[in-house]
Amino acid sequence: MVAKVSPASDNKTMFEIYRESDYNRAFHFVFFTDLDEHNRGKEIARAAAGETVFHGFVGDDRKEAARAEVAAIVDELNAMDEDTAGMPDGEIQRRLGQFLVP
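Just so it is clear, the structure is predicted and the values come from calculations on it, not from any experiment.

(A) Spotlight on the overall build of the protein chain. Looking only at helices and strands, one finds three helices and four strands in the protein chain. Counting from the amino terminus, helix and strand elements in the protein chain follow one another as β-β-α-β-α-α-β. In terms of overall dimensions, the protein chain has a C-alpha envelope of 50 × 30 × 25 Å along the principal axes. Out of the 102 residues in the protein chain, the part that is buried amounts to 33%. In the protein chain, of all internal contacts separated by at least 6 residues, the share reaching a separation of at least 24 is 67%.

(B) Here's a closer look at the side chain of Arg-19. Relative to the helices and strands, Arg-19 is located in strand S1 (residues 12–19). One buried charge, Arg-19, has no salt-bridge partner; the nearest side chain with opposite charge is Glu-82, at 5.2 Å. From its side chain, Arg-19 meets the backbone oxygen of Arg-25 in a polar contact 2.7 Å long. Residues within four places of Arg-19 in sequence aside, it is in contact with Arg-25, Ala-26, Phe-27, Gly-50, Glu-51, Val-53, Glu-82 and Ala-85.

(C) Structural detail: helix H2 (residues 63–79). Given a rise of 1.5 Å per residue, 17 residues ought to cover 24 Å, and the 24 Å separating the end C-alpha atoms of H2 matches this to within 8%. Along H2, the positions that sit buried rather than exposed are Lys-63, Ala-66, Val-70, Ile-73, Val-74 and Leu-77. Take H2 and look down its axis: the buried residues cluster within an arc of 95 degrees, on one side only. Opposite the buried face of H2, by more than 90 degrees, sit the exposed residues Glu-64, Asp-75 and Ala-79. Of the surrounding elements, those touching the buried residues of H2 are S1, strand S2 (27–31), strand S3 (51–59) and helix H3 (89–96).

(D) Up close: the packing of aromatic side chains. Enumeration according to the criterion identifies three aromatic pairs in this entry. In this structure an aromatic cluster arises from ring pairing among Phe-15, Phe-29, Phe-31 and Phe-54. Against the face of Phe-31 rests Arg-67, its NZ or CZ located 4.4 Å from the ring centre.

Rules behind the numbers
Residues numbered from 1 in each chain as written. Predicted model: local features only at pLDDT ≥ 70, side-chain atom pairs only at ≥ 80, totals over all residues. Heavy atoms only, no water. Helix = DSSP H or I, 4+ residues; strand = E, 2+ residues; numbered from the N terminus. Buried < 20%, exposed > 50% of the residue type's maximum accessible area, 1.4 Å probe, protein only. Contact = heavy atoms within 4.5 Å. Lys, Arg positive; Asp, Glu negative; His and termini not counted. Salt bridge = Lys/Arg side-chain N within 4 Å of Asp/Glu carboxyl O. Polar contact = N/O pair within 3.5 Å; in protein donor to acceptor, adjacent residues only side chain to side chain. Expected span 1.5 Å × (residues − 1). Arc of directions from axis to C-beta. Phe/Tyr/Trp six-rings, centres within 6.5 Å; stacked < 30°, edge-to-face > 60°. Lys NZ or Arg CZ within 6 Å of the ring centre and 35° of its normal.

As structure tokens, this is what we get:
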């Protein structure tokens, strides 16, 4: 039996906001489905080694605007005091809500 793939599944991009686990504890983000052969392994390994802050899917039709908002969130997190940096999931969800898809 061949599984049917809904057209919507082809129109979204998976992303993750994560925090490095090494000494500087910087926040980063990655849009996984945008990675090419040259950087895929390295970027996935970096994200996997860090702490997931938030992840989900954004609609491809809104991906560039979503990327700008994710970058703004990451910039805000990196501007905070290292020991207390963080943002509630609800706040990230609220800010990205217009871009997120199931």
